[in-house]
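Working through the structure, step by step
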Amino acid sequence: MPDITALFYIAIVAFYLLHKNEEAKILVPVIGFAAIPLFSNDYWLWFKVSVGLGIYVLMVEKAKAGYTGGGAVSAFAMFFMMAFLVSIFIKTIFSVAINFSF
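Residues numbered from 1 in each chain as written. Predicted model: local features only at pLDDT ≥ 70, side-chain atom pairs only at ≥ 80, totals over all residues. Heavy atoms only, no water.

1. Thoughts on the UniProt feature "transmembrane region" (unreviewed entry) in the chain
What counts is decided by this rule: UniProt positions are given in the numbering used here, feature names are shortened, and annotations may be inferred rather than shown by experiment. Counting from the N terminus, the helices are DSSP H or I runs at least four residues long and the strands are E runs at least two residues long.
Following the UniProt record, the feature "transmembrane region" (unreviewed entry) maps to residues 72-98 here. Across residues 72-98, helical content stands at 100% and strand content at 0%; the span's end C-alpha atoms are separated by 39 Å.

Okay, here's the thing in structure tokens:
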């Protein structure tokens, strides 16, 4: 999957940037950025890319919201952090299960 992992990131960012201002569009990057590293060979490399792109999405949302949208951007930041923590938890469980021996 390393050959197409970057294409998934490009597709998600393009979907996010090209969509109109809809409330549900923020869930696509949140879930996508947290899930893509789970399916790649080098989890931690793509996890760093996901975090960087997550910060970029939050900066775009903050610029769109202006001074009055601080609460919404904070909620989006919490969604990103929770999704990334769930991703780390899943990766940890997979690693323990794969390397477990009696």
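Following the structure, the description resumes.
2. Looking at the packing of helix α2 (residues 27-35) against helix α4 (residues 70-99)
How we decide: For helices, the fitted line uses only the C-alpha atoms of the stretch in contact; every axis is such a line through C-alpha atoms, and the angle between N-to-C directions lies from 0 to 180 degrees. Just so you know how the angles are binned, under 35 degrees is roughly parallel, over 145 roughly antiparallel, 65 to 115 roughly perpendicular, and the rest oblique. Crossings are classed by handedness, with left-handed meaning an anticlockwise turn of the near helix from the far one by less than a right angle and right-handed meaning a clockwise turn. Throughout, a residue-residue contact means that at least one pair of heavy atoms, one from each residue, lies within 4.5 Å. Polar here means any residue outside two lists: the nonpolar Ala, Val, Leu, Ile, Met, Phe, Trp, Tyr, Cys and Pro, and the charged Asp, Glu, Lys and Arg; Gly therefore counts as polar.
Interhelical geometry of α2 versus α4 gives an angle of 25° and a closest axis separation of 9 Å. When the axis of α2 is compared with that of α4, the two are roughly parallel. Remark: the crossing between α2 and α4 carries right-handed chirality. Residues Pro 29, Val 30, Phe 33 and Ala 34 of α2 pack against Phe 79, Phe 80, Ala 83, Phe 84 and Ser 87 of α4. Class assignment for the residues of the contact of α2 with α4 results in eight nonpolar, one polar and no charged.

3. Observations regarding α4
Our working rule: Multiply 1.5 Å by the residue count of a helix minus one, and that product is the helix's expected span. Throughout, exposure labels follow a simple rule: accessible area from a 1.4 Å probe, protein chains only, divided by the maximum for the residue type, with under 20% read as buried, over 50% as exposed, and the rest as partly exposed.
In this model, α4 (30 residues) spans 43 Å end to end at C-alpha, consistent with the 44 Å of a helix rising 1.5 Å per residue. Taken together, the buried positions of α4 are Val 73, Phe 76, Phe 80, Ala 83, Phe 84 and Ser 87. Buried residues along α4 sit against α2 and α3 (43-65).

4. Here we look at the packing of α3 against α4
Closest axis-to-axis distance for the α3/α4 pair is 9 Å, and the angle between their directions is 170°. Between α3 and α4, the interaxial angle falls into the category roughly antiparallel. Residue-level contacts link Tyr 43, Trp 44, Phe 47, Ser 50, Val 51, Gly 54, Val 57, Leu 58, Glu 61, Lys 62 and Ala 65 of α3 to Gly 70, Val 73, Phe 76, Ala 77, Phe 80, Phe 84, Ser 87, Ile 88 and Lys 91 of α4. Looking at side-chain class alone, the contact of α3 with α4 contains 13 nonpolar, four polar and three charged residues.

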